Amino acid sequence: MPSTATARTTVVHSSDPTLHAAIRLSLLFAVIKFVFHIATNLWEAHIGYGYFRDEFYYLACGRHLAWGYVDHGPIVAVQARIAETLFGHSLAGIRLLSALAGAVRVFLTGLLAWSLGGRRPAQALAMIGILLVPQYLGLDSFLSMNSFESMFWMGCVLALIFLLRGADEARCWIAFGLCGGLGLLNKPSMTFFLVALLLGLLLTPQRRILFSRWAALGIALLILIALPNLIWQIHNHWPTLEFLHNGRAHNKNIKLGPIAFLGKQIFNMQPATIFLWIPGLIWLFRNPQGKTCRWLGYTYVIFVMIMMGLYAKDYYVSPIYPYLYAAGAIAWERRFASRAAVARDSIIAFPIYEATLVLLGIIVLPLSIPVLKPDTWLAYTKATHLYDANGNTETDSSGVLPQFYADRFGWQEEVDQVTRIYQSLSPEDQRRVGILCSNYGEAGAINFLGHDLPVAVSGHNNYWIWGSHGYTGELMIVINGATPEEMREYYDSVEVAGRMNHPLSMPFERRNIYLVRGRKKNLTQDWESLKFYF
């Protein structure tokens, strides 16, 4: 049967009715994704889960807007500033933009399926496949930069596909430059994706699109947008490089071999979807109808090899998968073109496989988003054998819950304890006391949740750049993992005034809260020694 999709692969017209239909269908699935995350975030707060550790840090960065940060780009700080301004302390509110970015990923997946030649059956299958991917569910459920990655990466891919289909060259390259530049401001990993994309194009005849004045303009725009961050890095003595070096030197992240790394890809993207994205990769390389997009296949392979070579975290690959889902859905559509449901352009053309994807997505949902109370979650994972206690991406051991969930407990208890200690002081001591924390989670929780408390400082990542706030160490509330004996090496008077000890928090967060006096070396003068980029 001749494919109507083949006839659409020449020039993109804004009046193309199939494009309008694809946009409407993609919007439908995007709305489903968006509403789903709003509901789960509201439910999560209802059953007792709190803010995730990193959210406190990003909110603090949003209060210190800059062109760069030690361990991430400026986009997430802007995201946090907007979210806090609009929604205050609402847990669901501060996560709304991440949910929206996840919805955009779904929308772009539908458009990618259309742009590669897929009809409604392929578009729907690709979006159903990506809706309940565990990795995406987790990333889109809290305030972070990771939820935005696919939006920028796939924006670049879609701009090049449209260009190759005959769309206006200037507009395509400007769109590419905008997406690429903003992607670099979002997260440094965009650099490696752009390198892989360039190499993928150079390996195919589609390299021709790189040699034009509009391509030069697009790349120049990309560099111009990212330039302020580069200047910030230079001005601050390359803190991100120092952060990455420290992580490698101290084995912060778990290093996976090639087989284990690829195995994680299958698990992260939901095992049942290997029948979608792997056929998509094969289709990009081997199908004659997909040969003009072979550069996308090379891009994926090169990027995965780069990530394995750098011993990157396994989820760093996740932003690249939407176009593989789209290509895989087209492979299904072409393979079963004679089926009645495919022939009549149904959005539910593969009911058994699509139902399997949804069912398995629901089964593993509690491992992606904390929709079950802790006790129920523990019983569920014990009964299903779904939780691997060795599945963390970092070397710090977690407690009864995985780190992604454990890092949501203990923060209000910390703030309550510090507030109690602060209120026990005389008015004179309250005016001069400072708060020193060992990491950005502890400091961020106090600064975000604390009422009328002094500003908490830390030497961890960007908190070190923000400085000591003028604290001398004469009177401090200190939260760290040191013993009282170790603390006496730095202070004349040491009192254990409280303790963080939430049973569900990360083990390293079960530590003393000290009230100390008389730091032997002025804290502000000794601030350099507290720098901890990790």
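Residues numbered from 1 in each chain as written. Predicted model: local features only at pLDDT ≥ 70, side-chain atom pairs only at ≥ 80, totals over all residues. Heavy atoms only, no water.

K.L.:
Please explain the packing of helix α14 (residues 274-286) against helix α16 (residues 322-335) as it appears in this structure.
P.N.:
A pair of packed helices can be characterised by two numbers: the angle between their axes and the separation between those axes. Where α14 meets α16, the closest approach of the two axes is 6 Å, and the angle between their N-to-C directions is 85°. Put simply, α14 runs roughly perpendicular to α16. From α14, Phe275, Leu276, Trp277, Pro279, Gly280, Leu281, Trp283 and Leu284 reach across to α16, where they touch Tyr323, Leu324, Tyr325, Ala327, Gly328, Ala329, Ile330, Ala331, Trp332 and Arg334. Class assignment of the residues belonging to the contact of α14 with α16 gives a composition of 15 nonpolar, two polar and one charged. (Axes fitted to C-alpha atoms, helices over the stretch in contact; angles between N-to-C directions. Helix = DSSP H or I, 4+ residues; strand = E, 2+ residues; numbered from the N terminus. Parallel < 35°, antiparallel > 145°, perpendicular 65-115°, else oblique. Contact = heavy atoms within 4.5 Å. Nonpolar A, V, L, I, M, F, W, Y, C, P; charged D, E, K, R; others polar.)

K.L.:
Which parts of the structure should I look at to understand the nonpolar core?
P.N.:
The tendency in soluble globular proteins is for nonpolar side chains to be buried as a group. In this structure, Tyr300, Tyr321 and Tyr323 are the most contacted members of the largest nonpolar core, which totals 97 residues. Counting residues per element, this core draws most heavily on helix α8 (residues 146-164), at 13 residues. Those residues in contact with tyrosine 321 that sit more than four places away from it in its chain are Tyr136, Gln265, Met269, Trp277 and Tyr300. Judged by nonpolar contacts, the second largest core, of 41 residues, contains Ala60, Cys61, Tyr440 and Ile513. (Core = buried A, V, L, I, M, F, W, Y, C linked by side-chain atoms within 4.5 Å. Buried < 20%, exposed > 50% of the residue type's maximum accessible area, 1.4 Å probe, protein only.)

K.L.:
Can you help me understand the packing of helix α10 (residues 190-202) against helix α15 (residues 294-309) in this one?
P.N.:
For the pair α10 and α15, interaxial distance at closest approach is 8 Å and the crossing angle is 135°. Between α10 and α15, the angle is such that the two are oblique. The element α10 and its partner α15 pack so that their crossing is right-handed. Contacts between α10 and α15 involve Phe192, Phe193, Ala196, Leu197, Leu199, Gly200 and Leu201 from the first element and Trp295, Tyr298, Thr299, Ile302, Phe303, Ile306 and Met307 from the second. Of the residues contributing to the contact of α10 with α15, the split by class is twelve nonpolar, two polar and no charged. (Left-handed = near helix turned anticlockwise from the far one by under 90°.)

K.L.:
In this structure, what is going on with the pattern of salt bridges? I would like to understand it.
P.N.:
Pairing of side chains with opposite charge becomes possible as their charged atoms draw close. Following the criterion strictly, the structure yields 17 salt bridges and no others. Across the pair aspartate 407 and arginine 53 runs a salt bridge, and its minimum N-O distance is 3.0 Å. Of this pair, aspartate 407 sits in the loop between α20 (403-406) and α21 (411-423) while arginine 53 sits in helix α2 (residues 53-62), and the two are 354 residues apart along the sequence. Across this residue pair, the class does not change: aspartate 407 and arginine 53 are buried. A salt bridge links aspartate 140 to arginine 105, with the nearest nitrogen and oxygen atoms 2.7 Å apart. One end of the pair, aspartate 140, is in the loop between α7 (134-139) and α8; the other, arginine 105, is in helix α5 (residues 96-115), and 35 residues separate them in sequence. By the burial criterion, aspartate 140 is buried, and arginine 105 matches it. (Salt bridge = Lys/Arg side-chain N within 4 Å of Asp/Glu carboxyl O.)

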